[in-house]
Amino acid sequence: YAYSYHALGELAAVAGATSLTLEYGLSGAGVARSWSAKFAALCDSAFVDATYRTYGVPSKPARLGRSMDAYLDVVAALLQVACAVVVARGVSLSKRVVNVMTVLKVALV
């Protein structure tokens, strides 16, 4: 953003920042969806079934010949919101979250 602002002006900087924000949001949504699928597999798909019942879908879309991605993934949405809160709170919270995740990864290995 800073380079674009100084080199090309405010309009180009805002366009670039908007594009980057959308890119990070879409990438994060894919990762959140993947983590949610792993979480659902650990919970024997109880959350997926509860989501279908909550939103009134009569049967799972895969049984109807559609993709399993045809439902609102509440766990993935909550992960996205949690990431947005961490980013919005600033560097100090982000640093703590990264440190905790690093310790967990090292402990698992």
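See the structure printed just above.
Overview of the structure.

Reading the values: the criteria
- Residues numbered from 1 in each chain as written.
- Predicted model: local features only at pLDDT ≥ 70, side-chain atom pairs only at ≥ 80, totals over all residues.
- Heavy atoms only, no water.
- Helix = DSSP H or I, 4+ residues; strand = E, 2+ residues; numbered from the N terminus.
- Buried < 20%, exposed > 50% of the residue type's maximum accessible area, 1.4 Å probe, protein only.
- Contact = heavy atoms within 4.5 Å.
- Areas by Shrake-Rupley, 256 points an atom, 1.4 Å probe, with all protein chains shown as cover.
- Axes fitted to C-alpha atoms, helices over the stretch in contact; angles between N-to-C directions.
- Parallel < 35°, antiparallel > 145°, perpendicular 65-115°, else oblique.
- Nonpolar A, V, L, I, M, F, W, Y, C, P; charged D, E, K, R; others polar.
- Left-handed = near helix turned anticlockwise from the far one by under 90°.
- Expected span 1.5 Å × (residues − 1).

## Thoughts on the overall build of the protein chain
Within the protein chain one finds five helices and zero strands. Starting at the N terminus and walking to the C terminus, you meet the elements of the protein chain as α-α-α-α-α. When each of the 109 residues of the protein chain is scored for burial, the buried share is 12%. Long-range contacts, defined as pairs at least 24 residues apart, comprise 39% of the intrachain contacts of the protein chain with a sequence gap of at least 6. As presented, the protein chain carries roughly 8,500 Å² of accessible surface, and 68% of it is formed by carbon and sulfur atoms.

## Observations concerning the environment of A15
Tracing the chain through its elements places A15 in helix α2 (residues 10-42). Accessibility expressed as a relative area gives 42% for A15, which makes it partly exposed. Through-space distance from the C-alpha of A15 to that of Y1 is 9.1 Å; in sequence the pair is 14 residues apart.

## Quick word on the packing of helix α4 (residues 74-89) against helix α5 (residues 91-108)
Two elements in contact, α4 and α5, have axes whose closest approach is 5 Å; the angle formed by their N-to-C orientations is 130 degrees. One finds that α4 runs oblique with respect to α5. Residues V85, V86, V87 and R89 of α4 pack against V91, L93, S94 and V97 of α5. Here the residues of the contact of α4 with α5 sort into six nonpolar, one polar and one charged.

## A closer look at the packing of α2 against α4
In the contact formed by α2 and α4, the axes pass within 8 Å of each other and the chain directions differ by 130 degrees. Put simply, α2 runs oblique to α4. The chirality of how α2 crosses α4 is right-handed. Residues G25, G28, A29, A32, R33, W35, S36 and F39 of α2 touch α4, and the partners they reach there are V75, A76, L79 and Q80.

## Some thoughts on α2
Helix length check: α2, at 33 residues, gives a terminal C-alpha distance of 47 Å against a target of 48 Å (1.5 Å per residue), a fit within 8%. Where α2 ends, the next residue or the one after it, D44, has phi of about 60 degrees, a positive value.

## Observations regarding α5
In this model α5 runs 26 Å from its N-terminal to its C-terminal C-alpha over 18 residues, within 8% of the 26 Å that 1.5 Å per residue would give. The element α5 is barely covered by neighbouring structure, given that only zero of its 18 residues are classed as buried.

## A short note on the side chain of S36
Among the secondary structure elements, S36 is positioned in helix α2. Taking the relative accessible area as the measure of exposure, S36 reaches 5% and is therefore buried.

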